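Coordinate inspection notes
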Amino acid sequence: MLGISALAFAEVANLTNSAEGANRDAGLAAVKKKLQDACTDRKGTPDVASFEVVFEKTSDNSDVPKPYYVDGKMKCDFP
């Protein structure tokens, strides 16, 4: 039993976060960055290909500086 690989104890977590941006692309980039940073801050490896948009909306109010809101999730692999 002592020969079990450390990889057998790896864990995958789904992280979620939200961000705002001036447009859809900026909102998506901001939430992806937040998720990647949260994963690496916890010593994990982000699975960028697993990124999914959970919710998104835009404000009709032209006075809002960042009118695009995005909720996203991404897998994070922990050793």
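Report on the accompanying structure. (Residues numbered from 1 in each chain as written. Predicted model: local features only at pLDDT ≥ 70, side-chain atom pairs only at ≥ 80, totals over all residues. Heavy atoms only, no water.)

Attention now moves to the packing of aromatic side chains. Applying the stated criterion to the full structure yields one aromatic pair. Centre to centre, the rings of Phe55 and Tyr69 are 6.2 Å apart; their planes meet at 65°, and the pair counts as edge-to-face. Placement of Phe55 in strand S2 (residues 45–58) and of Tyr69 in strand S3 (residues 68–78) is noted, with a sequence separation of 14 residues between them. The class of Phe55 is partly exposed, set by a relative accessible area of 40%. Classification of Tyr69 as partly exposed rests on a relative accessible area of 25%. (Phe/Tyr/Trp six-rings, centres within 6.5 Å; stacked < 30°, edge-to-face > 60°. Helix = DSSP H or I, 4+ residues; strand = E, 2+ residues; numbered from the N terminus. Buried < 20%, exposed > 50% of the residue type's maximum accessible area, 1.4 Å probe, protein only.)

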